[in-house]
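The residues making up each chain are set out below.
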Amino acid sequence: MRGFWQGVLIGGITGMALGLMSAPLMLREMGGKGEQGISSAAKRAFRGVQENIGEMWQKRVKE
């Protein structure tokens, strides 16, 4: 269980770092839609992370 939480923590920190590095590139690709475009992209990414963690948790509980 300890390894799971370490993975979540390291993954979160890595995700934040990658997000900060890729934000300027995303703004250029989105044509300058600004915060609204980033907000919707962030919401989609967050839902994907929630689904992945949910799947990992279900596999862990079945073991």
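A. Region of interest: the overall build of the protein. If you tally the helices and strands in the protein, you get two helices and zero strands. Among the 63 residues that make up the protein, the fraction classed as buried is 5%. When the accessible area of the protein is evaluated, it comes to approximately 5500 Å², of which 64% is carbon and sulfur surface.

B. Spatial organisation of a nonpolar patch on the surface. On the surface, Met1, Trp5, Trp57 and Val61 cluster together into a nonpolar patch covering about 460 Å² of accessible area. Here Trp57 shows up in helix α2 (residues 35–62). You can call Trp57 partly exposed: its relative accessible area is 39%.

C. Representation of the packing of aromatic side chains within the structure. The final tally for this structure, using the stated rule, is two aromatic pairs. Look at Phe4 and Trp5: their rings are 4.9 Å apart centre to centre, the planes differ by 75°, and that puts the pair in the edge-to-face class. For Phe4, a relative accessible area of 13% corresponds to the buried category. For the pair Phe4 and Trp57, a centre-to-centre distance of 6.0 Å together with 55° between the ring planes defines the contact as tilted.

Scoring rules and cut-offs
Residues numbered from 1 in each chain as written. Predicted model: local features only at pLDDT ≥ 70, side-chain atom pairs only at ≥ 80, totals over all residues. Heavy atoms only, no water. Helix = DSSP H or I, 4+ residues; strand = E, 2+ residues; numbered from the N terminus. Buried < 20%, exposed > 50% of the residue type's maximum accessible area, 1.4 Å probe, protein only. Areas by Shrake-Rupley, 256 points an atom, 1.4 Å probe, with all protein chains shown as cover. Patch = residues over 30% accessible without salt bridge, like charges linked within 9 Å, V, L, I, M, F, W, Y side chains within 5 Å. Salt bridge = Lys/Arg side-chain N within 4 Å of Asp/Glu carboxyl O. Phe/Tyr/Trp six-rings, centres within 6.5 Å; stacked < 30°, edge-to-face > 60°.

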